[in-house]
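# Chains, contacts and geometry: an overview
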Amino acid sequence: VGIYARLAATLQRLTGTEALRHAVAPSEPYASADELLQDLCTIEASLLSHHGRALASTRLHSLVRAVEVFGFHLATVDLRQSSDKHEAVVADLLKVARIEPDYTALAEDAKQTLLLRLLDDARPLRVPDAAYAPLTVSELAIFAQARTAHARYGRAAIRHYIISHTETVSDLLEALLLQKEVGLMRGTLNEDAVCDLIVVPLFETIEDLRNAAPIVRAFYGLPGVHAMVQRSGAEQDVMLGYSDSNKDGGIFTSNWELYRAGNALVKLFDELNAGQERPIRLRMFHGRGGTVGRGGGPSYQAILAQPPGTVRGQLRLTEQGEVIGSKYANSEIGRRNLETLVAATLEATFLTPNKAAPAAFLDAAEALSRASMAAYRTLVYETPGFVDYFFGATPIREIAELNIGSRPASRNPQRNIEDLRAVPWSFSWGQCRLTLNGWYGFGSAVVRFVAGAPDAKGRKEREALLQRMYAQWPFFRTLLSNMDMVLAKSDLALATRYAELVGDRKLRQKVFSMIEAEWHRTSDALTLITGAKQRLEGNVEMQRSVRHRFPYIDPLHHMQVELMRRFRSGDGGERLQRGIHLSINGVAAGLRNTG
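Residues numbered from 1 in each chain as written. Predicted model: local features only at pLDDT ≥ 70, side-chain atom pairs only at ≥ 80, totals over all residues. Heavy atoms only, no water.

## Topic: the overall build of the protein chain
When helices and strands are counted, the protein chain shows 25 helices and 8 strands. Computed over the C-alpha atoms, the radius of gyration of the protein chain is 27 Å, within 12% of the 25 Å expected from 2.2 N^0.38 for a compact globule of 595 residues. Per-residue burial for the protein chain yields a buried fraction of 50% across its 595 residues. Pairs at least 24 residues apart make up 76% of the contacts formed inside the protein chain by residues separated by at least 6 positions. Surface exposure of the protein chain reaches about 28,400 Å², of which carbon and sulfur atoms provide 54%. Measuring between centres, the 70 positive side-chain charges of the protein chain sit 5 Å from its 66 negative side-chain charges. (Helix = DSSP H or I, 4+ residues; strand = E, 2+ residues; numbered from the N terminus. Rg over C-alpha atoms; globule rule 2.2 N^0.38 Å. Buried < 20%, exposed > 50% of the residue type's maximum accessible area, 1.4 Å probe, protein only. Contact = heavy atoms within 4.5 Å. Areas by Shrake-Rupley, 256 points an atom, 1.4 Å probe, with all protein chains shown as cover. Lys, Arg positive; Asp, Glu negative; His and termini not counted. Charge placed at Lys NZ, Arg CZ, Asp CG, Glu CD.)

The following block contains the structure:
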């Protein structure tokens, strides 16, 4: 009765609703889920000491586990904002406080010096009744709401603060300063600071991934940071972005730089934790998408393909909106998917050898990465008119009108690939059946790597090396398996129909011929390395599934091309646009992880 009364009072305090059965007598609400857990543990101890183990092991244990997992918050929420927004807010705070008139113009060293001084000062920056920019007001309000959520639902309600586009150490310090401003960080950095939210850097582009370990190393090298993280729970998440790195450097280079960044970060934290009584646990956070070009593909193989030592019993990964329904809408399928993730995590932790891949494998991957990125960027960023081809031959303009995300398709109105968001970029290539972001550049890389040998014997040795890499290295095998899958789902004949939407005939022929030639090079490279003469030869079930689905998808493509042609010529309105959107949804559902 006492526990029920307190739970009823807690429900009223948190939600404003009444319990279904009124409490016998009014009582005080639980201050936290831990208090409820203590009461349940008291009941468990009593049952065990009075021969009630049967009761404890059935209903009570499941309730205890539910409280441990869900608390009063149900699900943990992440906060995420771009580093440039933090910089603007800090600049506004410093300008109004007359500490620094133009913070954004400072050099990185000067920013770090100033931010460290402010983090060692217990006083807040905000001036009462001063007028701040709308962005400053809204961002600080979000931090304040996070503090309120902690007070109401417990610290597990919000644990991570992710910084998109982390490029410098000051990006991390700015997030700490904003936490300090609302009381999420208490104390001073050099003495007794405790931070409620884990500051999570997100490294997205190829350059950012290469700088990931140096930035984190420099951050932990600042006075007071290492001790503060230990006092705050001794946990550090680092998020790695698959989508933007792919758009930046192509499929192979993206995966290779992600692999290298993971290795470098593990090595860094092993060094930081040497001799420490309380080591900091590094948790890798994989920002994977639904499409292969954004890190999608079979999760089990992807986890086993992670660099040795990067899993260690835990990891985080994103599940995208377009695949959540297929994976978790049904409870049994959802359970199976979760069991698959747990099994892969356990296997990667306890059964996968921790020794690094042979130096020959790493050197070959580096050479392939350089050549692949060069081929990819030659097409996407250096071919005149490629942007016009992309906007003409794919439904990117129509996808931008879909209500499928919280952000616009591009970061600014100009038609630049650099500013285009990775989701519509990947989505568009799947719709026109080229799936370019899932394979382009690899064929040229293999040709260049093999041809770089001095003689015929050397070329044979390099071919044999690639075959050994596929047979012995999970990273390489998984990556090639994903390429094999997206190539199987591509269709050059259908892609030519979309290419016909490009008005400039010479541009259409030039770009499509480059794509077609690379498609054949990549297919031949996969055959050379894997020995499979047909795509999906080693996955009979998926091969059969794809073969049965395509007769239903192909007519949708032909219909979509015609609808797009009419819509872009001005022949039609809302009804025609809706038809295009329905065809996009149908194609995506049929292609699945390339949609």
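Additional details are given in the paragraphs that follow.
## Overview of unusual backbone geometry
Phi is positive for Leu-74, which is not a glycine, with a value near 75 degrees. Tracing the backbone shows Leu-74 in the loop between α3 (53-70) and β1 (77-82). Owing to a relative accessible area of 60%, Leu-74 belongs among the exposed residues under this scheme. Its identity as a non-glycine residue notwithstanding, Leu-536 has a phi of 60 degrees, on the positive side. Of note, Leu-536 is situated in the loop between α23 (505-530) and α24 (540-568).

## A short note on the packing of helix α21 (residues 474-489) against α24
Between α21 and α24, whose axes approach to 11 Å, the crossing angle comes to 20 degrees. Classed by the angle they form, the pair α21 and α24 counts as roughly parallel. Read as a crossing pair, α21 and α24 show a hand that is right-handed. Judged by residue contacts, Met-485, Ala-488 and Lys-489 of α21 engage Met-542, Val-546, Arg-549 and Phe-550 from α24. Classifying every residue of the contact of α21 with α24 gives 5 nonpolar, no polar and 2 charged. (Axes fitted to C-alpha atoms, helices over the stretch in contact; angles between N-to-C directions. Parallel < 35°, antiparallel > 145°, perpendicular 65-115°, else oblique. Left-handed = near helix turned anticlockwise from the far one by under 90°. Nonpolar A, V, L, I, M, F, W, Y, C, P; charged D, E, K, R; others polar.)

## With respect to α24
The terminal C-alpha atoms of α24, which comprises 29 residues, lie 40 Å apart, in line with the 42 Å expected from a rise of 1.5 Å per residue. The largest bend in α24 comes to about 40 degrees, at Phe-550, with the proline Pro-551 one to four residues further on. Regarding α24, the residues found buried are Val-546, Arg-549, Phe-550, Ile-553, His-557, Gln-560, Val-561, Leu-563 and Met-564. Packed against the buried residues of α24 are α17 (396-399), α18 (422-431), α21, α22 (492-499) and α25 (574-591). (Expected span 1.5 Å × (residues − 1). Bend = angle between axes of the 7 residues up to and from the residue.)

## With respect to the pairing of strand β7 (residues 281-287)
Among the 7 residues in β7, 6 count as buried, and that is most of the element. Sheet topology note: the strand β6 (residues 235-241)/β7 ladder contains 7 bridges and is parallel. In the strand pairing of β7, Glu-235 is matched with Arg-281. (Pairing = 2+ DSSP bridges.)

## A closer look at a nonpolar patch on the surface
On the surface, Val-342, Leu-346, Phe-350 and Leu-351 cluster together into a nonpolar patch covering about 470 Å² of accessible area. Assignment of secondary structure puts Leu-346 in helix α14 (residues 331-350). (Patch = residues over 30% accessible without salt bridge, like charges linked within 9 Å, V, L, I, M, F, W, Y side chains within 5 Å. Salt bridge = Lys/Arg side-chain N within 4 Å of Asp/Glu carboxyl O.)

## Points about the packing of aromatic side chains
Under the definition given, this model contains 21 aromatic pairs. Here the aromatic rings of Tyr-376 and Tyr-381 are separated by 6.5 Å at their centres, their planes lie at 65 degrees, and the arrangement is edge-to-face. The class for Tyr-376 is buried, based on a relative accessible area of 0%. Following the ring pairs from residue to residue traces out a cluster consisting of Phe-252, Trp-256, Tyr-259, Phe-361, Phe-442, Trp-473, Phe-475 and Phe-476. Across the ring face of Tyr-381, the terminal group of Arg-377 is positioned such that the distance to the ring centre comes to 4.1 Å. Just above the ring of Phe-550 sits the side chain of Arg-433; from NZ or CZ to the centre is 4.3 Å. (Phe/Tyr/Trp six-rings, centres within 6.5 Å; stacked < 30°, edge-to-face > 60°. Lys NZ or Arg CZ within 6 Å of the ring centre and 35° of its normal.)

## Re the pattern of salt bridges
Counting across every chain of the model gives 27 salt bridges. One salt bridge connects Glu-68 with Arg-65, and the closest N-O pair in it is separated by 3.3 Å. Taken as a pair, Glu-68 and Arg-65 lie in helix α3 at a separation of 3 residues, close to a single helical turn. Among the residues examined, Glu-68 registers a relative accessible area of 46% and is labelled partly exposed.

## Some words on helix α16 (residues 386-393)
In terms of burial, α16 is a largely internal element, 6 of the 8 residues being buried. Every buried residue of α16 is listed here: Phe-386, Tyr-389, Phe-390, Phe-391, Gly-392 and Ala-393.

## A short note on the nonpolar core
Taken as a class, soluble globular proteins show a tendency for nonpolar side chains to be buried jointly. By size, the foremost hydrophobic cluster in this structure holds 67 residues, and its most contacted members are Tyr-389, Phe-442, Trp-473 and Phe-476. Ile-158, Leu-184, Leu-209 and Met-228 belong to the second largest nonpolar core, which has 63 residues in total. (Core = buried A, V, L, I, M, F, W, Y, C linked by side-chain atoms within 4.5 Å.)

## Quick notes on the side chain of His-226
Tracing the sequence through the fold places His-226 in helix α9 (residues 225-231). Setting aside residues up to four positions removed in sequence, His-226 forms contacts with Tyr-220, Leu-272, Gln-276 and Ile-280.

## Re the environment of Val-200
Along the chain, Val-200 falls in strand β5 (residues 198-203). Given a relative accessible area of 0%, Val-200 falls into the buried group. With 85 residues separating them in the primary sequence, Val-200 and Phe-285 have C-alpha atoms 9.0 Å apart. Not counting chain neighbours up to four residues away, the residues in contact with Val-200 comprise His-160, Tyr-161, Ile-162, Ile-163, Gln-236, Asp-237, Val-238 and Met-239.

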